[in-house]
Amino acid sequence: MDSDEEERIPYSQRKEWSDVIPLPQDDGPDPVVSIAYKDEFRETMDYFRAVYHSDERSARSLDLTSDAIGLNPGNYTVWHFRRLVLVAVGADLHDEMDFVEHVAENNSKNYQIWHHRRWLAEKLGAEAMRKELKFTQKILALDAKNYHAWSHRQWVLQVLGGWEDELDYCQQLLEDDVYNNSAWNQRYFVITRSPLLGGLQASRESEVRYAADAIIANPENESPWRYLRGLYKGDNNSIVSNPEVSTVCLDVLKKNPYCVFALSLLLDLLCYGFQPRDEFRRIVESSRNSDSGPLDHKLASTVCSILENVDPMRSNYWSWRKSNLPTLAC
Amino acid sequence: MYLGYFILSALDLISAVDETISHEERQGFIQWIYHCQRPDGGFRMWPGTDFGDRANAENVKWDPANVPATYFALCSLLILGDELQRVHKVATLQWLRRMQREDGSFGETLVDGKIEGGVDPRFAYCATGIRHILRSRRCRSADHGDVPDIDIQALIEGIAKKQSYDGGFADEAFHESHAGYTFCSLGALKLSGDDSESETTNNNGCKWDKSATIRWLSQRQTDLVYPDGEEDTEFRSASFSVKRQKLSIEESTDGEPLHQDVSMTIPPTKSEYLRPKDMKLAAGMNGRMNKVADTCYAWWTAASFGILEQIDLVNRHALRRYLLQLTQHPYMGGFSKFPGDTYADIYHSFMGLAALSVVSTDEQREEAGIQKWNATLCINDSTARWLDSALS
């Protein structure tokens with residue numbers, strides 16, 4: 001808080017607090033983890049305890065909670081009591097937004113702050129929508145993968161709206177960093193949930209192309225591969241029957257027959273009953289390590305053997321896949 | 001309560017409870033934990049909310065029992081050798097029911113009749129852990145039978161809905177998969193006796209895709225680390241292309257490339273890819289796709305494999321090297337979040353030790369003097385077995 005720079009006057013010496021008897025913390029007998037609090041922290045919390053014990057919902061209580069939050073923004077009781085006080089004194093919730101923004105600057109990964117923010121946005125309703133989208137955008141500009149900011153943003157979109165520019169926003173973030181999986185996840189959310197779009201099935205075709213382009217540009221990026229797979233969540237028959245999906249695999253494997261993610265998707269397709277063209281067989285079989293014994297009967301099995309070699313970090317996983325191939329796999 | 005549990009568990013992991021805590025201290029700690037117990041069930045997070053003699057019907061709401069604190073209190077008591085005889089078991093089981101929402105999720109506290117806290121599976125995990133302990137063979141008593149159970153079906157369906165399109169689990173539906181939430185989800189499902197996983201998900205909401213979860217988990221092991229120990233927020237993977245630091249660890253003498261270099265523009269030759277299997281690789285776990293490894297995710301991910309009884313799918317050697325050679329603090333002891341961090345901390349030290357235990361063999365554990373750890377309950381395996389043992 002800004003007041004840190006000024007000389008702090010202890011609560012015990014402030015006239016306006018002279019009627020309050022601070023309530024000290026009972027650490028209990030033999031504390032397991034006794035915390036060495038600073039005097040300022042201890043005193044502030046002792047006064048806070050006195051105030052919420054007497055349930056005093058006043059302007060000075062509000063200031064006291066600001067102080068307590070400045071010292072420890074993780075204390076959920078302080079935040080909870082603050083909300084009661086805000087309502088009781090009829091505080092301007094726009095000022096409160098500014099307060100939260102200020103606290104969030106240094107604590108953007110704190111659960112309580114985001115919870116409080118959601119409560120505020122709920123109170124303000126539709127008028128908060130633009131501000132909330134802008135606020136999360138600001139936090140995401142500093143840390144594009146901040147989990148809380150993304151959660152809050154999804155909540156805002158679902159409850160308050162503002163979907164119009166969301167796909168563009170995802171697009172922009174992916175242009176900044178195509179490895180940003182949070183942005184891929186948000187794209188999936190928009191495609192699936194936006195009332196302005198027709199749902200996953202309706203967008204599938206164009207999204208397959210979008211993911212395919214991202215894959216061709218960066219075949220080692222796990223995110224678009226999973227995104228492509230995710231477009232067919234729970235619908236294995238469709239992923240097998242769409243030639244565009246297998247073509248992505250083939251195109252990547254033609255350039256790099258050892259691409260782990262391409263081989264991995266091919267393996268999944270084979271496990272779902274995909275009938276590979278001869279071209280697939282040729283590429284895969286020419287990549288086999290000549291030392292790895294006789295040719296496997298199943299192409300899926302050969303793919304596992306190659307993966308064991310080219311992805312040694314996960315060789316146990318690939319070998320487990322090999323020993324658990326479904327009977328329908330080619 | 002968190003800190004106490006982290007420290008006591010870490011001591012338990014390295015078999016040091018007896019030598020570091022005297023008999024008197026032990027009794028004192030047990031007393032302190034019971035001091036945090038609420039008469040109407042559950043434990044408070046810390047004694048600081050207790051009004052003592054001034055407690056009344058009006059201010060009771062400011063001193064609520066807390067779901068994670070209750071789980072950690074029970075585990076800490078067990079570590080200290082307490083047999084939970086003074087735990088208000090029936091009241092706690094009744095309170096636990098009040099902590100569940102209609103959508104199956106659990107909250108953190110009950111304030112003024114309202115369930116506070118997020119809807120994410122952290123609380124579901126702790127709730128099912130509490131239920132497991134209090135309904136275990138050792139703890140249940142005749143009057144337990146009268147307490148109706150939590151709504152297991154709603155719990156399972158709620159968690160299944162939070163499985164992401166990539167197979168991992170998130171805190172809420174449509175949020176990004178996260179190894180911590182995946183652990184909590186799998187743990188809660190296991191402790192609920194769930195067997196609803198299915199090879200193929202369909203839309204009835206009750207099924208989740210286990211093979212997709214395993215695929216997602218297996219991709220969490222990575223040799224991606226911060227180039228120079230930069231902060232998370234500073235890290236930009238794409239614009240500057242992903243920088244994968246080559247981990248030159250002392251054992252690595254074979255000169256093989258440790259990973260695929262994404263900046264490679266010339267297609268690699270066959271011999272460059274088909275490397276010997278037994279590499280001297282060090283690889284930790286990340287918590288989300290395309291992020292760097294971090295000590296605590298070694299636990300969340302490896303323990304998830306443990307819950308699924310698939311620990312062999314982890315590259316144990318590479319993970320052990322990451323922990324022992326890269327994030328273990330060279331002279332301070334303990335583990336840090338990232339390799340090369342200035343300090344080790346309590347949380348990452350505990351998580352690092354727990355991860356080390358679940359990926360080690362019996363021989364390795366014996367050699368290092370660490371205890372076998374139960375991946376599902378996150379307690380000593382012998383304690384977990386004791387809970388299920390018959391009363392003598």
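What counts as what
- Residues numbered from 1 in each chain as written.
- Chains lettered and ligands numbered in written order.
- Predicted model: local features only at pLDDT ≥ 70, side-chain atom pairs only at ≥ 80, totals over all residues.
- Heavy atoms only, no water.
- Helix = DSSP H or I, 4+ residues; strand = E, 2+ residues; numbered from the N terminus.
- Rg over C-alpha atoms; globule rule 2.2 N^0.38 Å.
- Buried < 20%, exposed > 50% of the residue type's maximum accessible area, 1.4 Å probe, protein only.
- Contact = heavy atoms within 4.5 Å.
- Areas by Shrake-Rupley, 256 points an atom, 1.4 Å probe, with all protein chains shown as cover.
- pLDDT = per-residue confidence, 0-100.
- Buried area = accessible area lost by both parts, 1.4 Å probe.
- Salt bridge = Lys/Arg side-chain N within 4 Å of Asp/Glu carboxyl O.
- Polar contact = N/O pair within 3.5 Å; in protein donor to acceptor, adjacent residues only side chain to side chain.

Asks: What should I look at first to understand the overall build of chain A in this one?
Replies: Regarding its fold elements, chain A presents 17 helices and zero strands. Whereas a compact globule of 330 residues would reach a radius of gyration of roughly 20 Å, chain A reaches 28 Å, over 25% beyond that. In terms of overall dimensions, chain A has a C-alpha envelope of 90 × 50 × 35 Å along the principal axes. Split into buried and exposed, the 330 residues of chain A put 57% on the buried side. By sequence separation, contacts in chain A at least 24 residues apart represent 64% of the contacts at least 6 residues apart. Here chain A displays about 14,300 Å² of accessible surface, and carbon together with sulfur accounts for 49% of that area.

Asks: Got a minute to help me understand the confidence of the model for chain B in this structure?
Replies: Caution is warranted with low-pLDDT regions, since their predicted coordinates should not be read in detail. Residues and elements named next belong to chain B. For chain B, the mean per-residue pLDDT works out to 85, and 82% of the residues sit at or above 70. Across residues 272-278 the pLDDT falls below 50, and counting only partners more than four positions away or on other chains, this stretch makes 22 contacts in the model. Both scores are given for the predicted complex: the pTM is 0.90, the ipTM 0.93.

Asks: Just checking my understanding: could you explain the environment of Leu189(B) for this structure?
Replies: Residues and elements named next belong to chain B. Following the sequence through the fold, Leu 189 ends up in helix α8 (residues 179-191). Sequence separation of Leu 189 and Leu 155 is 34 residues, and the distance between their C-alpha atoms is 8.2 Å. In this view, Leu 189 contacts Ile 156, Ile 159, Phe 169, Asp 194 and Trp 208; residues no more than four positions away in its chain are not counted.

Asks: Is there a simple way to explain the interface of chain B and chain A in this structure?
Replies: For an interface, size is often stated in terms of accessible area lost upon the parts coming together. Of the residues lining the interface, 79 residues belong to chain B; the matching set on chain A comes to 79 residues. For the pair chain B and chain A, the two sides together bury roughly 7,200 Å², of which 55% comes from carbon and sulfur. Three residues, Trp62(B), Tyr165(B) and Phe174(B), lead the burial of chain B against chain A; their summed loss comes to 14% of the area buried on that side. Here Arg220(B) ties to Glu222(A) by a salt bridge, and the two come within 3.3 Å at their closest N and O atoms. The tally of links between chain B and chain A comes to 26 residue pairs in polar contact (both at pLDDT 80 or more). Among the secondary structure elements, those contributing two or more residues to the side of chain B that touches chain A are α1 (2-13), α3 (23-35), β1 (109-111), α9 (210-218), β3 (221-222) and α10 (270-273) of chain B. Here the side of chain B that touches chain A gets five residues from one element, more than from any other, and that element is α3(B).

Asks: Looking at this structure, how should I read the pattern of salt bridges?
Replies: Side chains that differ in charge, positive against negative, can pair when their charged atoms come close. Counted according to the given criterion, the structure contains 42 salt bridges over all chains. Ionic pairing is found between Lys114(B) and Glu116(B), a salt bridge with its closest N-O pair at 3.6 Å. Because the salt bridges share partners, they merge into one network encompassing Glu101(A), Glu105(A), Arg117(A), Glu132(A) and Lys138(A).

Asks: Can you help me understand the confidence of the model for chain A in this one?
Replies: For chain A, the mean per-residue pLDDT works out to 92, and 96% of the residues sit at or above 70. Looking over chain A, one finds the lowest element-wise mean pLDDT in helix α15 (residues 278-287) of chain A, namely 91, and the highest in helix α9 (residues 181-193) of chain A, namely 98.

Asks: Would you mind showing me how to read unusual backbone geometry here?
Replies: Trans is the common state for peptide bonds, and a negative phi is the common state for residues other than glycine. Residues and elements named next belong to chain B. Positioned with a positive phi, Ser 15 is a non-glycine residue whose angle comes to about 55°. Mapping Ser 15 onto the fold places it in the loop between α1 and α2 (17-20). Note on Ser 15: relative accessible area 35%, which makes it partly exposed. In this structure, Glu 309 takes a positive phi of about 55° despite not being glycine.

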